[in-house]
Amino acid sequence: MNSVGLLFCFSLLLVAATSQAPKPCFAPELLTGGVSVMAAGGLMTTSGAVAYDALGQRLRARHYGSFGNLTVAVDELMLYQQEVMYEINWSAQTCRKLPLDTYFIPMQVPEDASLLGQTILGSSSSWGMGLLTNTWVGQFPNNDSYLLTFTEIGCLPVTLTNYSPKIGWTTISTYNWVIGMSNPEDFFPPAFCYDAKMEKSAKPQTFFSAMESLAMMVQSMK
């Protein structure tokens, strides 16, 4: 009876542990925060701000940075429901309207992602000294690989890393997240974008390929 009882208790513990395993998750519905990007093998770095609306599936990223001796400014509006991305050039008052591939929305862990492991950023020695995170890996339909780190509590993105054979590694780090929307106008293109025509011959963009395209464009200017 004791052996049966021990086996039964072990089975209950195993079921409980399995049910508590991290699962793919969604970030809060409205977020604003900071973002930094490293691409082109570390030759290009940018930093700026990002706003995310899960309800409308919209994302706005504004960041500035350097590539060698060149300074770059990026303003991108991604409208996932419309499958459209705008590249906004404020200095020239021009817009590019590009197709957007919706197979990956940055502020969530894809359902087919595999859990790589759970780690603590900082220390677990005392309360408040560490941040519990989950790291996920997987592959996009275009065969690019990704590695994503999200917080266990709140499902906030920490780092989003993509590997493409064409451009190498692109790493996006986020910080200073605030739940809510600071400016609803962030998710609408400026007036000079209204007449922009869809570039149908362009390859559908993703959150990562937009950074890769920028890096390749600036690299060709050197």
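Just above sits the structure.
Since the model is a prediction, treat every value here as computed from it, not as a measurement. (Residues numbered from 1 in each chain as written. Predicted model: local features only at pLDDT ≥ 70, side-chain atom pairs only at ≥ 80, totals over all residues. Heavy atoms only, no water.)

K.L.:
Is there a simple way to explain the overall build of the protein chain in this structure?
P.N.:
Along the protein chain, the regular secondary structure elements total 2 helices and 11 strands. Taken from N to C terminus, the helices and strands of the protein chain fall in the order α-β-β-β-β-β-β-β-β-β-β-β-α. For the protein chain, with 222 residues in total, the buried portion stands at 41%. Once local pairs closer than 6 in sequence are excluded, the contacts in the protein chain between residues at least 24 apart make up 50%. (Helix = DSSP H or I, 4+ residues; strand = E, 2+ residues; numbered from the N terminus. Buried < 20%, exposed > 50% of the residue type's maximum accessible area, 1.4 Å probe, protein only. Contact = heavy atoms within 4.5 Å.)

K.L.:
It is not clear to me how the pattern of salt bridges should be interpreted in this structure. Could you clarify?
P.N.:
Opposite charge on two side chains permits pairing when their charged atoms draw close. For the structure shown, the criterion picks out 6 salt bridges. Salt-bridge contacts for D53 lead to R58; the nearest nitrogen and oxygen are separated by 2.6 Å. With respect to burial, D53 and R58 carry one shared label: buried. Here D186 and R62 are joined by a salt bridge, their closest N and O atoms 3.2 Å apart. (Salt bridge = Lys/Arg side-chain N within 4 Å of Asp/Glu carboxyl O.)

K.L.:
I tried to follow the state of the cysteines on my own but got confused; where do I start?
P.N.:
Here, the word disulfide means a covalent bond between the sulfur atoms of two cysteines. Applying the stated criterion to the full structure yields 2 disulfides. Between C25 and C155 runs a disulfide, and the two sulfur atoms are separated by 2.0 Å. Judged by the sign of its S-S torsion, about 80°, the cystine formed by C25 and C155 is right-handed. One end of the pair, C25, is in the loop between α1 (2–19) and β1 (30–39); the other, C155, is in the loop between β9 (145–151) and β10 (157–164), and 130 residues separate them in sequence. Residue classification places C25 among the buried residues on the basis of a relative accessible area of 19%. One disulfide bridge connects C95 with C193, the sulfur atoms lying 1.6 Å from each other. You can see C95 sitting in strand β6 (residues 94–99) and its partner C193 sitting in the loop between β11 (168–179) and α2 (207–221), a full 98 residues away along the chain. Here C95 falls in the buried class, since its relative accessible area comes to 17%. Cysteine pairing for the protein chain, with bonded cysteines counted in sequence order: 1-3, 2-4. (Disulfide = S-S within 2.5 Å.)

K.L.:
Quick question: what am I supposed to make of the environment of L31 here?
P.N.:
Tracing the backbone shows L31 in strand β1. Linking L31 and L156, residues 125 residues apart in sequence, is a C-alpha distance of 9.2 Å.

K.L.:
Is there a simple way to think about unusual backbone geometry in this case?
P.N.:
Residues other than glycine predominantly adopt negative phi, and peptide bonds predominantly adopt the trans conformation. Phi is positive for E83, which is not a glycine, with a value near 55°. Residue position: E83 is located in the loop between β4 (70–79) and β5 (84–89). For E83, a relative accessible area of 46% gives the class partly exposed. Despite not being glycine, C155 has its phi angle at roughly 55°, a positive value.

K.L.:
Can you help me understand the nonpolar core in this one?
P.N.:
As a rule of thumb, soluble globular proteins bury nonpolar side chains together. By size, the foremost hydrophobic cluster in this structure holds 32 residues, and its most contacted members are L59, M78, Y80, M107, L160, I172 and F207. Put simply, the parts of the chain that give this core at least two residues each are β1, β2 (44–53), β3 (58–67), β9, β11 and α2. Here L160 is in contact with P106, L147, L148, F150, T170, T171, I172, F207 and F208, once residues within four sequence places are set aside. Among the nonpolar cores identified, the runner-up in size contains 8 residues, and L77, I88, C95 and C193 belong to it. (Core = buried A, V, L, I, M, F, W, Y, C linked by side-chain atoms within 4.5 Å.)

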